[in-house]
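# Structural characterization, general
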Amino acid sequence: MLKAGIVGLPNVGKSTLFNALVANAQAQAANFPFCTIEPNVGVVAVPDPRLEQLRQLSQSREVVPTRVEFVDIAGLVAGASQGEGLGNKFLANIREVDAIVHVVRCFEDDDVIHVSGSVDPVRDAEVINLELALADAAQIEKRRERLKKQLRTSKEAQQEEAALERIAAVLDAGGAARSVTLSEEEQALVQPLGLLTAKPIIYAANVAEDDLAAGNAFASAVAELAGREGAETVRVSAQVEAELIELGADERRDYLEGLGVSEGGLQSLIRATYSLLGLRTYFTTGEKETRAWTIRAGMTAPQAAGVIHSDFERGFIRAQTIGYAQLVEAGSLVEARAKGWLRSEGKEYVVAEGDVMEFLFNV
């Protein structure tokens, strides 16, 4: 399951956004720093209208969407890498996630205290990015010290040292580990360190309700920052997300249309996360269930089968495949088969977004 950590300075709207995303009150959203002392976890279904269409075609008894786990990590402050504000514990929580959702405050509100005294989302983002970089630099220094004894005799140690040296130089220059190009072997060697700045990042510009559609100067500055870093950015409104919880489907749609947007923050964040991580969705469907599966772009049919069960990948023979749109056009798998639209794909087939698949395998 994809795991995204929500981070940011205190009082930027992290916990309010988290509460809304998981539609419950697991996290506090009080107007004071460190209201979230333990990371709160919420699992949300990934909205996908294709599931209901497939359910109708197959007359499935159950629909199983893919899921994303959001972790609300308490607010970081300057000095977190040195333990300020319980920083060490919070940094450890970030190491466990696949992607970072960095919430930055892009709204003015005299009733909500800002930890730095004024609203400046780029400054706020750089505070946290610096703390993550300092934590990585300290970890790399410790690792390089341990590697010294192995450098004369181990080619693997030499390769890791060379990679860490390049990353350290980028961190010293104010960059992030994710910007360093590594070979597959180097990535495998460095991965156990769980470098924080190597994690993909999405900036969530938290705006007021009136700025959700068009944005504002603060949100534009965040978009420019994300562009320079090669990161994703989305505009969200924790205020709007909190309102949406209370509404039915039709009211929710009308409310969003009235604001000039077509989707809520959850859909925007998930779409950005999938894009950032290079994720794709394929489906299995039948009378028992219609289910969505998440894979990485470029996965072959056996690898996609392995997401269901490792036995499927080991014993893979072939896959019966059809694109979602073509299946909808056919009206059913039976009709698609009769038209000759079902394809038989082998081990080299790279699964496409929206493929509907049935795997044949040896037990």
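Throughout, a residue's number is its position along its own chain's written sequence, starting from 1. Only residues with pLDDT of 70 or above have their local features reported here, since the model is predicted, and side-chain atom pairs are shown and tallied only from 80 upward, although totals for entire chains, interfaces and linings are computed over all residues. Neither water nor hydrogens contribute to the side-chain values; these are computed over all heavy atoms in the structure.

## With respect to the overall build of the protein
What counts, and what does not: Numbering of helices and strands starts at the N terminus; helices are DSSP runs of H or I of at least 4 residues and strands are runs of E of at least 2. Each residue's exposure class comes from its accessible area (1.4 Å probe, protein chains only) as a fraction of the maximum for that residue type: buried when under 20%, exposed when over 50%, partly exposed otherwise. Accessible areas in this description were obtained via Shrake-Rupley with a 1.4 Å probe; residue shielding takes into account the shown protein chains only.
Across its full length, the protein carries 14 helices and twelve strands. Within the protein, the proportion of its 363 residues that are buried is 47%. Entry remark: accessible area of the protein is about 17700 Å², with carbon and sulfur atoms responsible for 48%.

## Focus: the nonpolar core
Proteins that are soluble and globular tend to have nonpolar side chains buried together. We apply this condition: Within this scheme, the nonpolar core is defined by two criteria: the residues are buried Ala, Val, Leu, Ile, Met, Phe, Trp, Tyr or Cys, and they are joined through side-chain atoms within 4.5 Å. Whether two residues are in contact is decided by their heavy atoms, any of which lying within 4.5 Å being enough.
One finds F70, I94, Y203 and L269 to be the most contacted residues of the largest nonpolar core, which totals 57 residues. Sorting elements by how many residues they give to this core places helix 10 (residues 265-277) first, with six residues. Once residues lying within four places of it in the same chain are set aside, the contact partners of F70 are A4, I6, F18, L21, N40, V41, G42, V44 and L266. In terms of nonpolar packing, the next biggest core, distinct from the first, is built from 15 residues, A163, I167, A168 and V190 among them.

## Topic: the packing of aromatic side chains
Cut-off, in case you're wondering: Stacked, tilted and edge-to-face are the three classes applied to pairs of Phe, Tyr and Trp rings, where Trp contributes its six-membered ring and a pair requires centres within 6.5 Å; stacked means planes under 30 degrees apart, edge-to-face means over 60, and tilted covers the rest. Look at NZ for Lys and CZ for Arg. If either is within 6 Å of the ring centre and within 35 degrees of the ring normal, a charge sits over the ring.
This structure, assessed with the given rule, holds four aromatic pairs. Ring centres of F283 and Y324 lie 6.4 Å apart, and the angle between their planes is 45 degrees; this geometry places the pair in the tilted category. Of this pair, F283 sits in strand 8 (residues 279-285) while Y324 is found in helix 13 (residues 324-330), placing the two residues 41 residues apart along the sequence. Among the aromatic residues, ring-to-ring pairing joins Y282, F316 and F359 into one connected group. The ring of W341 carries the charged tip of K339 above its face, separated from the ring centre by 5.2 Å.

## Thoughts on the pattern of salt bridges
Put simply, the rule reads: Should a side-chain nitrogen of Lys or Arg be within 4 Å of a carboxyl oxygen of Asp or Glu, the pair is scored as a salt bridge.
Taken as a whole and judged by the stated rule, the model has 16 salt bridges. Here E161 ties to R144 by a salt bridge, and the two come within 2.7 Å at their closest N and O atoms. In this pair, E161 sits in helix 5 (residues 155-172) while R144 sits in helix 4 (residues 121-147), placing the two residues 17 residues apart along the sequence. Among the residues examined, E161 registers a relative accessible area of 15% and is labelled buried. Overlapping salt bridges bring together K3, E69 and E96 as one network.

## Structural notes on the sheet that holds strand 5 (residues 99-105)
What counts here: Here, any two strands with at least 2 DSSP bridges between them count as paired. Between the N-to-C directions of two axes lies an angle of 0 to 180 degrees, each axis being a line fitted to C-alpha atoms and, for a helix, fitted only over the stretch in contact.
As summarised here, the arrangement of the six strands in space is 2-4-1-5-6-7, forming an open sheet in which the pairing is mixed. With partners counted over all chains shown, the strands left at the sheet margins are strand 2 (40-45) and strand 7 (232-236), one partner each. Across this sheet, the average inter-strand angle for adjacent strands is 25 degrees, counted without regard to direction. As judged from the four bridges shared by strand 1 (residues 2-7) and strand 5, these two strands associate in the parallel manner.

## Thoughts on helix 5
Convention followed: In a helix, the anticipated span is given by 1.5 Å times the number of residues less one. Contacts described as polar in this section are N or O atom pairs within 3.5 Å, which, within protein, must combine one atom able to donate a hydrogen with one able to accept it, while residues neighboring in sequence count only if both atoms come from side chains.
Along its 18 residues, helix 5 runs 26 Å from first to last C-alpha, staying within 8% of the 26 Å computed at 1.5 Å per residue. Of all the positions in helix 5, only A157, E160, E161, A163, L164, I167, A168 and L171 are classed as buried. Elements that come into contact with the buried residues of helix 5 comprise helix 4 and helix 6 (184-190). Between a side-chain oxygen at the N-terminus of helix 5 and the backbone nitrogen of E156 the separation is 3.4 Å; the capping residue is S154.

## So, the confidence of the model for the protein
Going by this rule: A score from 0 to 100, pLDDT tells how confident the predictor is in each residue.
For the protein, the average pLDDT comes to 85, and 89% of its residues sit at 70 or higher. Counting interchain partners and residues more than four positions distant, the pLDDT-below-50 stretch residues 24-37 has 40 contacts.

## A few points about the packing of helix 4 against helix 7 (residues 217-229)
A packed helix pair is summarised by two numbers, namely the angle formed by the two axes and the spacing between the axes. Worth spelling out the cut-off: An angle below 35 degrees is read as roughly parallel, one above 145 as roughly antiparallel, one from 65 to 115 as roughly perpendicular, and any other as oblique. For this scheme, ten residues count as nonpolar: Ala, Val, Leu, Ile, Met, Phe, Trp, Tyr, Cys and Pro. Four count as charged, namely Asp, Glu, Lys and Arg, and the remainder, Gly too, count as polar.
Between helix 4 and helix 7, whose axes approach to 8 Å, the crossing angle comes to 40 degrees. Of the possible angle classes, the one that applies to helix 4 and helix 7 is oblique. Residues P121, V122, A125 and N129 of helix 4 touch helix 7, and the partners they reach there are F218, A221, V222, L225 and E229. By residue class, the composition of the contact of helix 4 with helix 7 is seven nonpolar, one polar and one charged.

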